[in-house]
Amino acid sequence: MAETNDIIRLIQEGGKPDEVLASIGVQTSDLPPVMMPFLTTLFSFIVSMKESVDNNSEQLRALNSQIEKISNLLEAKNNTNSTNSSIPPSKEGLRKPNRKTGLREPSGRKRGAQKGHEGKGLARIEAGITEEKNHYPEECLACENLTCCLGNMAAMATGHVYETATVMIDRKHVAYSIVCPKMKKLLKAIMPGEVKSTQQYGNSIRTIIIDTWATGITSIKRLADLVQERIGGRISEGTIMKVIVEFAASCSSAISKIREYLISAAVKGADETGMRTDGILYWLHTVCNEKATYLYADRKRGFRAIEKDGLLMNAGGILVHDCWSSYFNLHNTTHAICLQHIQRELRGAALREKGHEAYFKRLEDFLLDMRKRKNDAIEAGKDCLDEETIRRLRTEYAALIDEGLETFRPPKRKSILKLGRIPQGKTRSLLSRLKENTDAVFCFIENFDAWFTNNESERSFRISKVRQSVSKCFRTEKGLSGFAAIMSVLDTANKNGINRIEMIKAVLDGTADTLLAPVLV
């Protein structure tokens, strides 16, 4: 006699009632005639219910799979921060992660100054005015013999307290005229170029305004109050804006020198960041290296902005960037990818792709291992790695990328009616980008002049983000462009050890390009 499971399977496979009854030893002739139609209907109902359950189970599995994907995406988005994505730290607010989760690796050294560090205390300052105050024992102050004892006292300690004083100087320019008795005509003296009206501020006050504006990062109204406190005279907000605008225009010669240097620089970085201006989104672009910074503003982010500015169109050497596609349209430079950006993206992928965290960790460790090999070689006095090592690293890298592409296959087209490119998803797109730009990934290890990161470019935006945090936006494109010009000059001066005040005075005097010429070579 058939088992219960066999009977159920026979019914599910569409067996007829007489076959099912025969399997359990029951003959149809032994049953009343009315039972056969009933059993036929019952078996058909059971089969249809089984098909319905199967269909529902398949739909539930598909639905569960979709829910799991959405859940993973939401979890990954919730865990996204500046350490595993391109989100800047300024956008994290109170959700900023613990510093221990950053990309910086521990050095193993104690905090503070290291052993052998050369300390720098306050050295003696040569002052223009010296005031001396003598201090005597309290017991001697009320003694009638104080005058007699002064000659016998010895100085036991000396302390210097340095102060500054702001003195307003009125440089009065008087121009004379005379009717020459010899030439028989009126002769008039010519005022210097700095004297444009009967009352104006000189370059020293202009320097205070620009220095306070550039480093204080405050509102124009507050800036007017600060300058008033320093010079002792009221200055209007309109005057301050005029000084800033004129100074930005005066930076043109220094900007030309910076552009000329960066065009021929062996290595440079490029990046861009959004800035709200005139109620819409503008982009602040940078091209820089360890000696110079050039900032420029444009309505566009991509290649049209690069082409319009022209610096990178004429530049050669190595260009380090964050893999933004517009930069790859520059065919006269050797491209290098910022691998710290890739490191963050790999950490973000590990959050999205549950169960594959070990793979992304291996790929990240591979990049860090290449960096260590380069640093070790530099410490050993080498300027390159041998070809066999690079070939072996390229082979290992290709195998890692192919492994990921095999794991994260492209999705199938959902409908034959939908045309166009099938979205590859963030993870596969990242791996495809790394495979396509293998040469850019290996540029930093094949050419020791190239950088592992593009942090130099990101640092050049810091002051602009502070400005945005205080002012929230720029009112006009001219204001953003002026800010970019001034910060380009001052940041370049800072990188080369030129005093900021000295640089501002040089711009006002028209000698900024001469001051930068010896260092930008």
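Residues numbered from 1 in each chain as written. Predicted model: local features only at pLDDT ≥ 70, side-chain atom pairs only at ≥ 80, totals over all residues. Heavy atoms only, no water.

(A) A look at the nonpolar core. Judged by nonpolar contacts, the single largest core of 59 residues is most densely connected at W213, L262, L284, L312, I486 and M503. For this core, the element with the most residues is helix α19 (residues 477-495), which contributes nine residues. Residues F360, L405, A440 and F442 belong to the second largest nonpolar core, which totals 40 residues. (Core = buried A, V, L, I, M, F, W, Y, C linked by side-chain atoms within 4.5 Å. Buried < 20%, exposed > 50% of the residue type's maximum accessible area, 1.4 Å probe, protein only. Helix = DSSP H or I, 4+ residues; strand = E, 2+ residues; numbered from the N terminus.)

(B) Main features of unusual backbone geometry. The backbone phi angle of K184 is positive, close to 60°, even though this residue is not glycine. By the secondary structure assignment, K184 is in the loop between β1 (177-179) and β2 (186-188). Given the relative accessible area of 66%, K184 is considered exposed. Backbone geometry places D278, a non-glycine residue, at a positive phi of 55°. In this structure, D278 sits in the loop between β3 (267-277) and β4 (280-288).

(C) Main features of the pattern of salt bridges. In this structure the tally under the stated criterion is 22 salt bridges. Among the ionic pairs, D369 bridges to R373, the shortest N-O distance being 3.0 Å. Here R373 and D369 lie together in helix α13 (residues 357-379), a separation of four residues that amounts to about one turn. Overall, R373 belongs to the partly exposed group, its relative accessible area being 32%. Note that K435 and D402 form a salt bridge whose closest N and O atoms lie 3.1 Å from each other. Highlighted residues: K435 in helix α15 (residues 425-436) and D402 in helix α14 (residues 387-407), separated in sequence by 33 residues. Judged by relative accessible area, K435 falls into the partly exposed class, the value being 44%. Taking the relative accessible area as the measure of exposure, D402 reaches 37% and is therefore partly exposed. Look at the salt bridges and you will find they share partners, linking K221, D225 and R234 into a network. (Salt bridge = Lys/Arg side-chain N within 4 Å of Asp/Glu carboxyl O.)

(D) Structural view of the sheet that holds strand β7 (residues 334-337). Pairing in this open sheet of five strands is mixed, and the strands run β5-β4-β3-β6-β7 from one edge to the other. This sheet does not close on itself; its edge strands, each paired only once, are β5 (293-298) and β7. Taking each pair of neighbouring strands and ignoring which way they run, the sheet shows an average axis angle of 25°. Relative to β7, strand β6 (residues 318-321) runs parallel, the two being bridged by four bridges. Pairing of I318 across the sheet is with T334, part of β7. The sheet strands contacting helix α18 (residues 462-471) are β3 and β4, and the helix crosses β3 at an angle near 5°. (Pairing = 2+ DSSP bridges. Axes fitted to C-alpha atoms, helices over the stretch in contact; angles between N-to-C directions. Contact = heavy atoms within 4.5 Å.)

(E) Quick look at the packing of aromatic side chains. Here the structure, examined in full by the defined rule, presents eight aromatic pairs. Residues W213 and F483 carry aromatic rings whose centres are separated by 6.0 Å and whose planes lie at 80° to one another, so their mutual orientation is edge-to-face. Of this pair, W213 sits in helix α6 (residues 203-216) while F483 is found in helix α19, placing the two residues 270 residues apart along the sequence. As far as the burial class goes, W213 and F483 line up, both buried. (Phe/Tyr/Trp six-rings, centres within 6.5 Å; stacked < 30°, edge-to-face > 60°.)

(F) Representation of the packing of α19 against helix α20 (residues 500-509). As a packed pair, α19 and α20 sit with axes 9 Å apart at the nearest point and diverge in direction by 135°. Looking at the two axes, α19 sits oblique to α20. For the pair α19 and α20, the crossing hand works out as right-handed. Contact residues: α19 offers V489, L490 and A493, while α20 offers R500, M503, I504 and V507. Split into classes, the residues belonging to the contact of α19 with α20 amount to six nonpolar, no polar and one charged. (Parallel < 35°, antiparallel > 145°, perpendicular 65-115°, else oblique. Left-handed = near helix turned anticlockwise from the far one by under 90°. Nonpolar A, V, L, I, M, F, W, Y, C, P; charged D, E, K, R; others polar.)

(G) Examining helix α7 (residues 220-231) more closely. A rise of 1.5 Å per residue sets the reference length of α7, with its 12 residues, at 16 Å; its end C-alpha atoms lie 16 Å apart and thus fit the reference within 8%. Burial in α7 covers these residues: L223, A224, V227 and I231. Burial along α7 is one-sided: seen end-on, the buried residues are contained in an arc of 100°. Residues of α7 that are exposed and point more than 90 degrees away from the buried face comprise K221 and E229. Just downstream of α7, G232 is the residue with a positive phi angle, here 80°. (Expected span 1.5 Å × (residues − 1). Arc of directions from axis to C-beta.)

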